[in-house]
Amino acid sequence: MNSKEICYNPKFTHIYVENRVYDHPRTQEILAHFPRAEIIRIEHYKDVFNRRRQDVVTQHLSQNLILAAKKENYFYEGAPVCQSFGNENFYYCSTMMNCVFDCSYCYLKGMYPSGNLVIFVNLEDYFEALDEILKDKSMYLCISYDADLLAMESVTGYAELWAEFAGKHSNLKLEIRTKSARTAMWEELPCLSNVIYAFTLAPQQMITACERKTPSAGARIECALSGLSKGFPVRLCFDPMIYQKNWREDYGELVRDLDQAFAAHGLSMNQLTDASVGTFRISQDYMKKIRKMEPVSPAAQFPYVNVGGVYQYPKELIEQMESYLIGELEKRMDREKIFHE
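Read on for a plain summary of the structure. As the structure is a computational prediction, the values presented were derived from the model and not from experiment.

Bringing the sheet that holds strand S3 (residues 65-68) into the picture now. Strand order in the open sheet made by the five strands is S2-S1-S3-S8-S6, with mixed pairing throughout. The open sheet has two edge strands with one neighbour each: strand S2 (38-42) and strand S6 (96-97). Here strand S1 (residues 14-18) runs beside S2; their pairing, made up of five bridges, is parallel. The residue of S2 that forms the bridge with Glu18 is Ile42.

A separate point is the pairing of strand S9 (residues 139-142). Burial along S9 is two-sided: the residues Met139 and Leu141 and Tyr140 and Cys142 are all buried. Of the pairings in the sheet, the one linking strand S5 (residues 90-93) to S9 comprises three bridges and is parallel in character. Bridged to Phe90 within S9 is Tyr140. In this sheet, strand S10 (residues 172-178) lies alongside S9 in parallel orientation, the contact comprising four bridges. In the sheet register, Leu141 faces S10, and the bridge partner there is Leu174.

This part takes up the sheet that holds strand S15 (residues 281-283). The strand order across the open sheet built from three strands is S15-S17-S16, with neighbouring strands paired in antiparallel fashion. Strand pairing shows two members of the sheet lacking a second neighbour, S15 and strand S16 (305-307), which therefore form its edges. Neighbour-to-neighbour, the strand axes of this sheet turn through a mean angle of 35°, independent of strand direction. When S16 meets strand S17 (residues 310-312), the two strands line up antiparallel, connected through three bridges.

When the charged atoms of two side chains lie near each other, side chains of opposite charge can form a pair. Enumeration over the complete set of coordinates arrives at 19 salt bridges. Glu188 is paired through a salt bridge with Arg182; the nearest N and O atoms lie 2.7 Å apart. The exposure class of Glu188 is partly exposed, given its relative accessible area of 34%. For Arg182, a relative accessible area of 28% puts it in the partly exposed group. Two residues, Glu328 and Lys331, come together in a salt bridge whose shortest N-O distance is 3.0 Å.

Let's shift gears to unusual backbone geometry. Asp239 connects to Pro240 through a cis peptide bond whose omega is 15°. Following the sequence through the fold, Pro240 ends up in strand S13 (residues 234-241).

It is worth spelling out the pairing of S1 at this point. Sheet faces and side chains relate simply in a regular strand, where the side chains alternate between the two faces. Burial runs high along S1: four of the five residues are buried. Bridge count between S1 and S3: three bridges; the pairing is parallel. Its bridge partner lying in S3, Val17 is registered against Leu67.

Now for the side chain of Ser226. You can see Ser226 is positioned in helix H9 (residues 217-229). Side-chain polar atoms of Ser226 contact the backbone oxygen of Glu222, separated by 2.8 Å. Beyond its immediate chain neighbours, meaning those up to four positions away, Ser226 contacts Thr183, Trp186 and His265.

A few words now on the packing of aromatic side chains. Applying the stated criterion across every chain, the model contains 27 aromatic pairs. Measuring from centroid to centroid gives 5.5 Å for Phe12 and Phe34, while their planes differ by 80°, and the two rings are edge-to-face. Here Phe34 lies in the loop between helix H1 (25-31) and S2 and Phe12 lies in the segment before S1, a separation of 22 residues in the sequence. Like Phe34, Phe12 is buried. Plain terms: the ring middles of Phe90 and Tyr140 are 5.6 Å apart, the flat faces sit at 45° to each other, and that makes the pair tilted. Of the two residues, Phe90 is situated in strand S5 and Tyr140 in strand S9; the sequence distance between them amounts to 50 residues. Among the residues examined, Phe90 registers a relative accessible area of 11% and is labelled buried. An aromatic cluster of three or more residues is present, and its members are Tyr105, Tyr243, Phe280, Phe302, Tyr304, Tyr311 and Tyr313. When the ring centre of Tyr22 is taken as origin, the NZ or CZ atom of Arg41, which lies over that ring, is 4.0 Å away.

So, how was this worked out
- Residues numbered from 1 in each chain as written.
- Predicted model: local features only at pLDDT ≥ 70, side-chain atom pairs only at ≥ 80, totals over all residues.
- Heavy atoms only, no water.
- Pairing = 2+ DSSP bridges.
- Helix = DSSP H or I, 4+ residues; strand = E, 2+ residues; numbered from the N terminus.
- Buried < 20%, exposed > 50% of the residue type's maximum accessible area, 1.4 Å probe, protein only.
- Axes fitted to C-alpha atoms, helices over the stretch in contact; angles between N-to-C directions.
- Salt bridge = Lys/Arg side-chain N within 4 Å of Asp/Glu carboxyl O.
- Polar contact = N/O pair within 3.5 Å; in protein donor to acceptor, adjacent residues only side chain to side chain.
- Contact = heavy atoms within 4.5 Å.
- Phe/Tyr/Trp six-rings, centres within 6.5 Å; stacked < 30°, edge-to-face > 60°.
- Lys NZ or Arg CZ within 6 Å of the ring centre and 35° of its normal.

The structure is reproduced here in structure tokens:
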């Protein structure tokens, strides 16, 4: 049988549930979305998620879901390769592990041994721990680094729950990063000044080549500007910029598409909270794993330069790509609103 003829199950036909969370109300709410799924009870999520010799790429074609509880290490300091946007006490957390999207360059493929998706249902424990932290200091917290929360919002409601928590804490600022394009969420989420919705944008040519299962560039732009027009804080992330032969023309087309979309909504780019620009970079250890999984991916197989254990483009190419896009954005918004690594 030709590989193109192989049929895979749809997502989440099998759901693994830790015994300790089976009766948790949030577990039952999630299971209600999948009435035909086969439920398999387990002792610990790592028994499934951390098994050896899993085929991550194939698992992404037919993902299983794992419902579990996280009992320690709720919050982590932000990594140096990630943008803090000038905020102090930069942290991130994972209430989910893995993504429903399937980008060929995603660092999660190098970090996790599985392509399946884990949801930690004990969100109240995160909130309790964070309550204690916020008594002593402020925090800038990114809650959608190791998964796309908004892409799963119709199943979990996590973005809404996090936003409601942030509404009670003026010294907490959240970033929810996404490649999703579900405009209905703006009718469901509270509009708060300390919850930033960060949309990762890329030229359609790059999305087609490298970002499987993600919404189109146009759909992401429309979703972002729909939120901005309703008063939600919106950040546009041109990060990672991925090299392709015609990258300058492709990013030029993306900027022109943004011009048209902003004009259609009667908005200005200066109404954005900010924007970020950064070329692709990744841990050498993660990339070695990804290259084995993605042998034909142009993003994975590029001859990167290794700088201190981080694979990145040659310095001249980085400067060309980032300076071009920053220059285009500077024509449209204040320079102090443009961040780059």
